[in-house]
Structure formats: C-alpha cells, structure tokens
Amino acid sequence: MDQQVDRLVNKTWAKFCSTADDARLMIAISGIPGSGKTGLATMMAARINKIYASENPASPTPIAIALPMDGYHLTRAQLAAMPDPAHAAARRGAAFTFDGDKFLELVRALREPLTARTGNLYAPSFDHAIKDPVDGDIAIAPSCRVVFFEGNYLSLDRAPWNEAAKLMDELWFVDVDFDIARQRLVVRHVKAGIARDAEDADKRARENDLVNGKEIVDYRLPVQEVVFSIFDPVWEMS
C-alpha cells in the first residue's frame, strides 16, 4: 500500500509542477461503495500539501483539496417527488439519485483559467445528521490547484458523468473485492446510523450498495490508474 501511495504522490507532484500557473490539476477517484475512495483522496491531498509546505515554508497555504461527491445527493424532498418515491428512497446512492448536472457545472467552473479576479468556488457537503446535502459548504479557494474528486460515479460511462470525466487530467479507480467492501459497509452503516444493526446494514449493502457497485464496474471508462484497496481506519472492525 505504501509503495502504491508513494508512487501516486510522486506522479501527482510531478504533474502539478508541470501544470500551467493558471490551471488546476484535477484527478477523479472512483470505485464501488466501500472501496477506499475517501481515504485515498484525503491521504493524497494531505501528502501533496505536506510537500508543498516543505518547499514553500514562507507560504504554506494548502494547494490540494479532497472533494467528495456526497453533497450531490438529491435531497429527500427531491426523492419524494419522484414517480416511485419508495423505490427512490430505497435506492438512494444509485446514480439516478445524484445531481450529476450540478456536479458537471462545478467541474466546468474549476476548469476555467485562474486569474487575479478568480474567487472562491463552493461545493455542497452532506450532513449525515439531517441526511441531506448542504449547499455551498465547501470552499475551493483559487490557491487550491490540485483537486482530488472522489465518488462512486466519476468514471461511469453514462451522461453526465462521462462529460465530467473528459474534463479531468486523470481518472483513478480503487479496486476492491466485493465481499471486503460489503464487510466495510456493514460497519460503516451501523456507525453512521444508516442501519439499525448489522443484519439491516448487510441487507442494505447487498441490495443497494453492491448493486450500484456492479454498474460502476460494468460501465467503467478507461482509467489511468487502478489502485488496490487502501485501508481506512474507519473500517477497522473489533
């Protein structure tokens, strides 16, 4: 795992150093639920920021950010307005329950050249307490010039996800065994209060998350990197 990450860090830093001063380096990290996308994106942003700070001690402003796709979930009200609201709620997390067009708008905005007039851009977050997105909650400053997007559908060959993918500098895919992902998801769902208990969490993982996972794998675009499952401490099982 360490060798994988070290190689990706070195590769990303080299690409950033050759990126034009008025542009961002944008990398989309996808994978099935429970694969390790969030852990990898967070780790990569932290490592790139550490290198930058060591080389620019007088100006250690972070230049990398990990940007989750969770904030692009449709709200519960939007799901309730669908023709089959019960099905939409049960399948929350499937591609059709995300606002892909809104995500594409942000990607296009981040692709615009940076100028002295460029201000902050804002992405939504997801509040697990209210179980809905929060608009404009994540600020992306002009100084953030390396963006690690992470989400299930960032290499999905379906519109509008494939349009966003075309705007990325690289696509990475985190590969994991489906059963390992299922075990991680059971722990995650119970801890997050998404499921009542392990049995309920396992049912959700099998009937929703891994169903989505099959679509993610079957309709994956060609990617530049396949990363083998990165361990994330939040999955640790006692």
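Residues numbered from 1 in each chain as written. Predicted model: local features only at pLDDT ≥ 70, side-chain atom pairs only at ≥ 80, totals over all residues. Heavy atoms only, no water.

An unreviewed UniProt entry annotates the protein as Phosphoribulokinase/uridine kinase domain-containing protein originating from Penicillium vulpinum.

Participant: Sorry if this is basic, but what is going on with the sheet that holds strand S1 (residues 25–31) here?
Facilitator: Strand pairing in a sheet takes place through backbone hydrogen bonds and is either antiparallel or parallel in direction. In space, the 5 strands of this open sheet follow the order S2-S5-S1-S6-S7, with parallel pairing throughout. The strands lining the two open edges of the sheet, one partner per strand, are strand S2 (64–68) and strand S7 (225–228). The sheet shows a mean angle of 25° between the axes of neighbouring strands, taken without regard to direction. Bridge analysis of S1 against strand S5 (residues 146–150) gives 5 bridges, and the strand direction is parallel. Residue pairing across strands places Ala28 opposite Phe149, the latter belonging to S5. Here helix H1 (residues 2–17) sits on the sheet and contacts S1, S5, strand S6 (170–175) and S7; the angle it forms with S7, its principal contact strand, is near 150°. (Pairing = 2+ DSSP bridges. Helix = DSSP H or I, 4+ residues; strand = E, 2+ residues; numbered from the N terminus. Axes fitted to C-alpha atoms, helices over the stretch in contact; angles between N-to-C directions. Contact = heavy atoms within 4.5 Å.)

Participant: How should helix H5 (residues 100–111) be read in this particular structure?
Facilitator: Residues that lie three or four places apart on an α-helix share one face, since the helix turns once every 3.6 residues. Compared with the 16 Å implied by 1.5 Å per residue over 12 residues, the 17 Å span of H5 between its first and last C-alpha is a close match. Regarding H5, the residues found buried are Gly100, Phe103, Leu104, Leu106, Val107 and Leu110. Each buried residue of H5 sits inside an arc of 160° when the element is viewed along its axis, so together they form one side. Buried residues along H5 sit in contact with S1, S2, strand S3 (121–127), strand S4 (132–140), S5 and helix H6 (161–166). (Expected span 1.5 Å × (residues − 1). Buried < 20%, exposed > 50% of the residue type's maximum accessible area, 1.4 Å probe, protein only. Arc of directions from axis to C-beta.)

Participant: Looking at this structure, I do not really get the pattern of salt bridges. What am I missing?
Facilitator: Note that side chains of opposite charge can pair when their charged atoms are close. Taken as a whole and judged by the stated rule, the model has 17 salt bridges. When the shortest N-O distance is used, the salt bridge between Glu170 and Lys11 registers 3.0 Å. Here Glu170, found in strand S6, pairs with Lys11, found in helix H1; they are 159 residues apart in sequence, far enough to count as distant. Judged by relative accessible area, Lys11 falls into the partly exposed class, the value being 23%. Where Arg92 meets Asp132, a salt bridge forms, and the shortest distance between an N and an O atom there is 3.0 Å. With Arg92 in the loop between helix H4 (85–90) and H5 and Asp132 in strand S4, the pair connects residues that are 40 residues apart, well separated along the chain. (Salt bridge = Lys/Arg side-chain N within 4 Å of Asp/Glu carboxyl O.)

Participant: Mind showing me how you'd approach helix H8 (residues 198–218) here?
Facilitator: Compared with an ideal rise of 1.5 Å per residue, which puts 21 residues at 30 Å, H8 spans 28 Å between its outermost C-alpha atoms and is within 8% of the ideal. Along H8, the helix axis deviates most sharply at Ala205, where the bend reaches about 40°. All of the buried residues along H8 are Asp200, Ala201, Asp202, Ala205, Asn208, Asp209, Leu210, Asn212, Gly213 and Ile216. Check the buried side of H8 and you find it contacts S1, H4, S6 and helix H7 (178–192). (Bend = angle between axes of the 7 residues up to and from the residue.)

Participant: Help me understand the pairing of S5, please; the structure alone is not making it clear to me.
Facilitator: Side-chain positions along a regular strand alternate between the two faces of the sheet. Taken across its 5 residues, S5 has 5 buried, putting it largely inside the fold. Inspection of the sheet shows S2 paired to S5 by 5 bridges, in the parallel sense. From the neighbouring strand, Ala64 faces S5, where its bridge partner is Val146.

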